[in-house]
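Reading the structure
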Amino acid sequence: MRFAEALRLAWEALRANRLRSGLTMLGVVIGVTSVVLLVAIGSGARNEVTSGIESLGSNILFVAPGDFSIGSAPSLSRLTLEDVRRIGDAVGDPDRVAATVASGELARVGPRRAQVNLNGTNETIPLVFDRTVARGTFFSAADVTVRRRVVVLGADPADLLFPGRDPLGKFVTIGGVRFRVVGVLSRVGTTLGVDRNTEAFVPVTAAQRLFGVSRVDGIAVKAISPGDIPEEQRIIREVVTRSHPEQDFQVLTQGDILGVIGRVLSILTIVLASIAGISLLVGGVGVMNIMLVSVSERTREIGLRKAVGARTRDVLRQFLLEAVALTVSGGVIGILLGIAIGVVVGRLSPVPAAVTGWSVALAFGVSVAVGVFFGVYPARKAARMQPIAALRYE
């Protein structure tokens with residue numbers, strides 16, 4: 001029997017029992033759809049994290065306390081403004097060093113309210129993180145020195161607190177303290193799921209007084225070029241270790257952060273895809289069950305074919321092709337459904353989703369493998385039948 005003839009017979013057998021074939025394919029459809037969709041969500045999350053880190057700017061080094069790795073516990077920072085000064089002197093340019101102490105606060109203007117991510121920083125933030133001021137100016141080094149109560153608002157709180165008005169020169173109450181608005185930042189995107197348009201920046205010294213702390217949460221340094229990163233990383237590590245020998249610090253590049261977060265997302269994607277794979281396993285068991293039923297129903301047909309000259313491998317190939325055709329059909333439908341749902345989720349919901357070519361190829365390959373794996377036993381059972389015994393089967 002030729003391959004084309006065997007494939008035609010397999011399709012005719014499936015069409016003869018449309019309802020049964022459709023219900024059997026349903027398990028494969030659900031499994032493949034789940035794999036494509038969950039991998040798309042994992043890939044979309046990875047793309048969003050990558051673009052968010054890159055949107056911070058280029059050639060940035062982050063100084064953070066503790067161990068930045070999977071499963072590590074957070075550590076309270078012991079960094080101070082004196083460390084910022086030392087690092088600025090060590091790298092030869094204080095304007096490339098920025099400090100941050102942050103907290104979520106409620107901003108008020110009369111009856112209007114806006115939740116803001118309040119960042120106490122120094123005057124170098126626009127240079128280090130490539131932030132532009134749409135209106136007004138960023139605060140100055142003198143404002144940081146004298147703890148002046150001035151604020152640069154992000155685009156969202158500026159619109160919420162001063163709708164239809166120019167906020168420059170107006171006052172906003174943050175954490176019970178009045179700050180004068182000196183600037184409004186240009187609108188940007190999100191970073192690691194945090195909307196940067198909800199930020200508000202005040203002098204780090206004013207923020208320390210507001211929060212009742214003397215520390216800074218982290219320090220960022222902008223290297224002049226990618227080639228300078230290793231040397232400046234070494235210099236910064238030496239300065240911080242010399243100042244705080246009792247605490248561990250990490251000097252991370254953007255690549256280091258992406259690597260750790262990428263590993264976490266990869267593990268999460270594999271776990272989600274494995275859970276979705278259980279649906280494929282259940283669908284495969286359903287395929288085997290239906291194929292065994294089909295073999296029993298067609299025992300006399302098998303006996304007749306073998307009696308008129310069909311070889312064992314012809315019968316084996318016919319039933320194996322039926323199982324593969326069943327799973328591949330379900331796989332194709334599942335892939336199309338997964339792509340469609342992924343596109344809808346990515347466009348109409350906050351959940352990131354990006355369908356990748358390798359996930360589609362994987363899902364198709366798995367659907368073929370399920371058909372082969374779960375179709376072999378029924379096909380072998382059919383192929384091993386003796387013609388006389390099969391013809392006598394009632």
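No experiment lies behind these values; they were computed from the predicted model shown.

Remarks on the overall build of the protein chain
If you tally the helices and strands in the protein chain, you get 13 helices and twelve strands. Per-residue burial for the protein chain yields a buried fraction of 44% across its 394 residues. Restricting the contact set of the protein chain to residue pairs at least 6 apart, pairs at least 24 apart contribute 80%. Surface accessibility of the protein chain: about 19,200 Å² in total, with carbon and sulfur atoms responsible for 61%.

Considering the environment of Pro167
Following the sequence through the fold, Pro167 ends up in the loop between α6 (155–161) and β6 (171–174). A residue is classified by how much of its surface remains accessible, and Pro167, at 1% relative accessible area, is buried. With 15 residues separating them along the chain, Pro167 and Val182 place their C-alpha atoms 8.2 Å apart. Residue contacts for Pro167: discarding those within four places in its chain leaves Arg135, Phe162, Val181 and Val184.

Examining the packing of aromatic side chains
For the structure on display, the rule yields three aromatic pairs. Taken together, a centroid distance of 4.4 Å and an interplanar angle of 35° make the contact between Phe138 and Phe139 tilted. As far as the burial class goes, Phe138 and Phe139 line up, both buried. With a centroid separation of 5.9 Å and 55° between ring planes, the pair formed by Phe138 and Phe201 is classed as tilted.

Quick look at unusual backbone geometry
Unlike most non-glycine residues, Asp130 shows phi in positive territory, near 55°. Its location among the elements puts Asp130 in the loop between α4 (125–128) and β4 (133–136). A residue is classified by how much of its surface remains accessible, and Asp130, at 44% relative accessible area, is partly exposed. Phi at Arg147 takes a positive value of approximately 60°, unusual for a residue other than glycine. By secondary structure assignment, the location of Arg147 is in the loop between α5 (141–145) and β5 (150–153). Owing to a relative accessible area of 40%, Arg147 belongs among the partly exposed residues under this scheme.

Describing helix α3 (residues 81–91)
What α3 keeps buried is the set Asp83, Val84, Ile87, Gly88 and Val91. End-on, the buried residues of α3 take up no more than an arc of 135°, which puts them together on one face. Tucked into the core, α3 has its buried residues touching β1 (60–65), β2 (97–109), β11 (218–222) and α8 (229–243). Gly92 occupies a position one or two residues after α3 and carries a positive phi of about 85°.

Structural notes on the pairing of strand β3 (residues 112–121)
By the bridge criterion, ten bridges tie β2 to β3 in an arrangement that is antiparallel. Within the sheet, the bridge partner assigned to Arg108 lies in β3 and is Arg113. Taken together, the five bridges between β3 and strand β10 (residues 199–203) define a ladder with parallel strand orientation. Looking across to β10, one finds that Leu118 is bridged to Ala200.

Examining helix α7 (residues 204–211)
Listing the buried residues of α7 in full gives Val204, Thr205, Ala206, Ala207 and Gln208. Contacts from the buried residues of α7 go to α3, β2, β3, α5, β7 (177–185) and β10. Residue Gly212 follows α7 closely and has a positive phi angle near 75°.

A short note on the side chain of Gln208
Relative to the helices and strands, Gln208 resides in helix α7. Ignoring sequence-local partners within four residues, the contact set of Gln208 consists of Leu81, Val101, Val213, Ser214, Arg215 and Val216.

What about the pairing of β6?
Every regular strand shows the same layout, with side chains that alternate between the two sheet faces. Judged from the two bridges that link them, β2 and β6 form a sheet pairing that is antiparallel. Within the sheet, the bridge partner assigned to Ala107 lies in β6 and is Ile174. Direction of pairing for β6 relative to β7: antiparallel, over a ladder of four bridges. Pairing of Thr173 across the sheet is with Arg178, part of β7. Taken together, β6 and the strand that follows it, β7, pair antiparallel across an intervening segment of two residues, in which Gly175 is found at a positive phi of about 60°.

Overview of the pattern of salt bridges
Proximity of charged atoms lets side chains of opposite charge pair with each other. Counted under the stated rule, the structure contains 14 salt bridges. Between Asp130 and Lys222 there is a salt bridge, with its nearest N and O atoms 3.8 Å apart. In this pair, Asp130 is assigned in the loop between α4 and β4 and Lys222 in strand β11, connecting sequence segments 92 residues apart. The salt bridge involving Glu238 is made with Arg234; its shortest N-O contact spans 2.7 Å. You can see Glu238 and its partner Arg234 sitting in helix α8, four residues apart, about one turn around the helix. With a relative accessible area of 38%, Glu238 lands in the partly exposed category. Among the charged side chains, a network of salt bridges with common partners joins Glu82, Arg85 and Asp89.

Quick look at a nonpolar patch on the surface
Taken together, Ile267, Val271, Ile275, Ile278 and Val282 make up a surface patch of nonpolar side chains, about 460 Å² in accessible area. Mapped onto the secondary structure, Ile275 falls in helix α9 (residues 254–297).

As for the packing of α3 against α8
Two elements in contact, α3 and α8, have axes whose closest approach is 10 Å; the angle formed by their N-to-C orientations is 145°. The interaxial crossing formed by α3 with α8 has right-handed handedness. In this structure, α3 contributes Asp83, Arg86, Ile87, Ala90 and Val91 to the contact, and α8 contributes Glu232, Ile235, Ile236, Val239, Val240 and Ser243. Partitioning the contact of α3 with α8 into residue classes produces seven nonpolar, one polar and three charged.

Conventions and cut-offs
- Residues numbered from 1 in each chain as written.
- Predicted model: local features only at pLDDT ≥ 70, side-chain atom pairs only at ≥ 80, totals over all residues.
- Heavy atoms only, no water.
- Helix = DSSP H or I, 4+ residues; strand = E, 2+ residues; numbered from the N terminus.
- Buried < 20%, exposed > 50% of the residue type's maximum accessible area, 1.4 Å probe, protein only.
- Contact = heavy atoms within 4.5 Å.
- Areas by Shrake-Rupley, 256 points an atom, 1.4 Å probe, with all protein chains shown as cover.
- Phe/Tyr/Trp six-rings, centres within 6.5 Å; stacked < 30°, edge-to-face > 60°.
- Arc of directions from axis to C-beta.
- Pairing = 2+ DSSP bridges.
- Salt bridge = Lys/Arg side-chain N within 4 Å of Asp/Glu carboxyl O.
- Patch = residues over 30% accessible without salt bridge, like charges linked within 9 Å, V, L, I, M, F, W, Y side chains within 5 Å.
- Axes fitted to C-alpha atoms, helices over the stretch in contact; angles between N-to-C directions.
- Left-handed = near helix turned anticlockwise from the far one by under 90°.
- Nonpolar A, V, L, I, M, F, W, Y, C, P; charged D, E, K, R; others polar.

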